[in-house]
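This is what each chain is made of:
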Amino acid sequence: MTASPTVLSSRTVTVAATQMACSWDRAANVDGVESLIREAAAMGAQIILPQELFETPYFCKDQKQSLFELAAPAEGHPVIERMQALARELSVVIPVSFFEKARNAYYNSMAMVDADGSLLGIYRKSHIPDGPGYQEKFYFSPGDTGIPVFKTRYATVGCAICWDQWFPETARVMALKGAEILLYPTAIGSEPQDSTIDSQGHWTRVMQGHAGANLMPLIASNRVGVEQGESCALTFYGSSFIAGPQGEIVAQADRESRTVLTASFDLDRIAAQRASWGIFRDRRPELYGALLTLDGETTPHR
């Protein structure tokens, strides 16, 4: 008797990346994100990623005490609540980036809203940059949530934030915890100290590496437009994209346009490929102690 061939299960999920420009009209920004989400949902998207800190311009260009007034607690946050209602209406998952106030602490945070409108949890950005035009250490404490994943209606997802994307450890932790899709809301563009620097290609390739190294799709949503601060202006280069599980670019936006991108992935088929490729089977965690140090010494200096 001949055994029948194995039939792989199929679980196809459609994801969306989005990008737009932001102004100091906060209501218009949130309306704009809602419009992008509605457009993506009409295109069949089930997990829709808005960009980082979309409620306002990227305010970290300058160190201004008054800008702490932009922060609000997660509980009762009007933008999160609005996105919860929208997610419930459209049956979509929405990771919501926001400036969080937690008593005397401030975080660059993400609220994961499931397709029924429920709040699955909060992630607080782990890696906080500090450089010309990107002075986030003035505003945000390093996150204390660890690097979680969230089991949504459609997939288990990991969502890191902007500067987190430069650290491959973040993506690997999300993968080890069971993520099936990696999400990166972002705000990145020009470097005011050197107009010859254009990090767009580097930014894209690093995240393509995360997708390929972990054999899972990745979605990155950036902003577009020129934003003027007191000390400098930043030109955000958009280029939001969706990468497939081999790191291949499936869809990518241009550097200037309001955009919605979608792509569909069979997550069960990708999981089977990931298992057979062996990169998680052949890991050697006992050799990676140097990752727990800053200078590569497996036994830290005392």
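Residues numbered from 1 in each chain as written. Predicted model: local features only at pLDDT ≥ 70, side-chain atom pairs only at ≥ 80, totals over all residues. Heavy atoms only, no water.

1. A look at helix α5 (residues 267–277)
Within the sequence span of α5, burial applies to Leu-267, Ile-270 and Arg-274. The buried side chains of α5 occupy one side of the element, clustering within an arc of 60° when seen end-on. Of the exposed residues in α5, the ones pointing more than 90 degrees away from its buried face are Ala-275 and Ser-276. Those residues of α5 that are buried are in contact with β1 (12–19), β8 (181–185), α4 (200–214) and β14 (259–266). Phi for Gly-278, located one or two positions after α5, is positive at around 90°. (Buried < 20%, exposed > 50% of the residue type's maximum accessible area, 1.4 Å probe, protein only. Helix = DSSP H or I, 4+ residues; strand = E, 2+ residues; numbered from the N terminus. Arc of directions from axis to C-beta. Contact = heavy atoms within 4.5 Å.)

2. Quick look at the layout of surface pockets
The calculated volume of the largest pocket comes to roughly 460 Å³. Residue lining of the largest pocket: 17 residues in total, with Pro-168, Glu-169, Arg-172, Val-173 and Leu-291 positioned closest to the centre. Those elements that place two or more of their residues in the lining of the largest pocket are α3 (168–176) and α4. The element best represented in the lining of the largest pocket is α3, accounting for six residues. Class assignment of the residues belonging to the lining of the largest pocket gives a composition of nine nonpolar, five polar and three charged. (1 Å grid on protein atoms, 1.4 Å probe; cavity = no way out; pocket = protein on both sides within 12 Å on 5 of 7 lines; lining within 4 Å. Points joined across faces, edges and corners; volume = space filled by probe spheres on them. Nonpolar A, V, L, I, M, F, W, Y, C, P; charged D, E, K, R; others polar.)

3. Remarks on the packing of aromatic side chains
Under the criterion given, the structure shown has 16 aromatic pairs. Taking the centre distance of 5.7 Å and the plane angle of 70° together, the rings of Trp-203 and Tyr-237 count as edge-to-face. With Trp-203 in helix α4 and Tyr-237 in strand β11 (residues 233–237), this residue pair connects regions lying 34 residues apart in the sequence. Pair check on accessibility: Trp-203 and Tyr-237 agree, each one buried. Taken together, Phe-59, Phe-68, Phe-99, Tyr-106, Phe-138, Tyr-139 and Phe-140 form an aromatic cluster joined through their ring pairs. Of note, Arg-124 hangs over the ring of Tyr-107, and the distance from its end group to the ring centre comes to 4.0 Å. Geometry around Phe-236 places Arg-223 over its ring, the cationic atom sitting 5.6 Å from the centre. (Phe/Tyr/Trp six-rings, centres within 6.5 Å; stacked < 30°, edge-to-face > 60°. Lys NZ or Arg CZ within 6 Å of the ring centre and 35° of its normal.)

4. Remarks on empty space enclosed by the protein
For the coordinates displayed, the defined rule picks out one cavity of 30 Å³ or more. Here the largest cavity is characterised by a volume of approximately 80 Å³. Around the largest cavity sit Leu-53, Phe-54, Glu-55, Thr-56, Phe-59, Leu-70, His-77, Ser-97, Phe-98 and Phe-99, which together line it.

5. Focus: the sheet that holds β1
A sheet is described by the order of its strands in space; here three strands give the open sequence β2-β1-β14, paired in mixed fashion. This sheet does not close on itself; its edge strands, each paired only once, are β2 (47–49) and β14. Sheet twist, expressed as the average angle between the axes of neighbouring strands with direction ignored, equals 20°. Its contacts with the sheet place helix α1 (residues 26–42) against β1, β2 and β14, and it is angled at close to 40° to β14. On the sheet, α5 packs against β1 and β14 and is oriented at approximately 65° with respect to β14. (Pairing = 2+ DSSP bridges. Axes fitted to C-alpha atoms, helices over the stretch in contact; angles between N-to-C directions.)

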